[in-house]
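Working through the structure, step by step
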Amino acid sequence: MNNFVTSVPAQAAARCIIETARQLGLLDAPVAVSDELAGAEKKLIVQMFQAMDKHMQTHGKELAPDEVSSLFTFVFAKAAEAVTNMFNHKEQTFDLTGMFDGRIPLYADDAVTAEFKSSRFPELCAANYLEFTEVQADALAGCDPLLLLFEALKWCFRLSCHLAVTVVENHRKLS
C-alpha cells in the first residue's frame, strides 16, 4: 500500500509557477533536466523543510509575504548555484543564509549571475503565488499550506535550473 494522494491544489500551485515561466518566455525550448539537478533539488528541499520547521517554531506558522518572496528568490539563487556546481563538477551543498530575510548570497557562474540579477522570475513567481493563494483561499481551505508552497518552490527551482543551464550553454556557444 502506498501513501500517495492526488492534490489538485498542489498541482494548481505548480501550474501557477509554470505559467509565470511561460509568460516570461522561459519555456520556449524543452526544459533542461538532469539526474544531478534532481538530486540537488531533493537535498535543498529537505534542508529547507528542516529550516522551515525551526523557523515556524520560533516565528509562528504564518509566513509574511516578504518571507514568501524571499523563499522564491532563495530557490532561484540556489538553482544558479546548483547548475554552476554541476558544470564545474563540484559537490552540491547549500548555505541557507537569507532564506527568510532576502539577504541571499549568490555563488554562481558570472554569466548566470548577470542573467539572474536582472531576471524578474522569482519576484513574479512570489507575486503570482501569493495572488493564487489569496484568490483561491476558499478552494484551498483545509490544504496543507506548506505542501502548496513547497510544490511551487520546487517548480521555481526546476525552471530556474532550466534558465541557468540555458544561460551556461548559450555562453559556451559564444565563447
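Look up: the structure comes first, before these words.
Residues numbered from 1 in each chain as written. Predicted model: local features only at pLDDT ≥ 70, side-chain atom pairs only at ≥ 80, totals over all residues. Heavy atoms only, no water.

Where helix H3 (residues 65-87) contacts helix H5 (residues 121-135), the axes come no closer than 8 Å and their chain directions differ by 140 degrees. Classified by the angle their axes make, H3 and H5 are oblique. Crossing geometry of H3 relative to H5 is assigned as right-handed. Contacts between H3 and H5 involve Pro 65, Val 68, Ser 69, Phe 72, Thr 73 and Phe 76 on the former and, on the latter, Phe 121, Pro 122, Cys 125, Ala 126, Tyr 129 and Leu 130. Here the contact of H3 with H5 is built from residues that sort into 10 nonpolar, two polar and no charged. (Axes fitted to C-alpha atoms, helices over the stretch in contact; angles between N-to-C directions. Helix = DSSP H or I, 4+ residues; strand = E, 2+ residues; numbered from the N terminus. Parallel < 35°, antiparallel > 145°, perpendicular 65-115°, else oblique. Left-handed = near helix turned anticlockwise from the far one by under 90°. Contact = heavy atoms within 4.5 Å. Nonpolar A, V, L, I, M, F, W, Y, C, P; charged D, E, K, R; others polar.)

Within the fold, Ser 160 resides in helix H7 (residues 145-174). Those residues in contact with Ser 160, other than ones at most four positions away along the chain, are Phe 76, Ala 79, Phe 116 and Phe 121.

With that settled, consider the nonpolar core. Counting 56 residues, the largest nonpolar core has Ile 17, Met 48, Leu 71, Phe 72, Phe 121, Tyr 129 and Leu 149 as the members making the most contacts within it. Elements represented by at least two residues in this core include exactly helix H1 (8-23), helix H2 (35-59), H3, helix H4 (110-118), H5 and H7. Element by element, the count of residues in this core is highest for H7, at 14 residues. Not counting residues up to four positions away in its chain, the partners in contact with Tyr 129 are Ala 13, Cys 16, Ile 17, Val 68, Phe 72, Pro 145, Leu 148, Leu 149 and Ala 152. (Core = buried A, V, L, I, M, F, W, Y, C linked by side-chain atoms within 4.5 Å. Buried < 20%, exposed > 50% of the residue type's maximum accessible area, 1.4 Å probe, protein only.)

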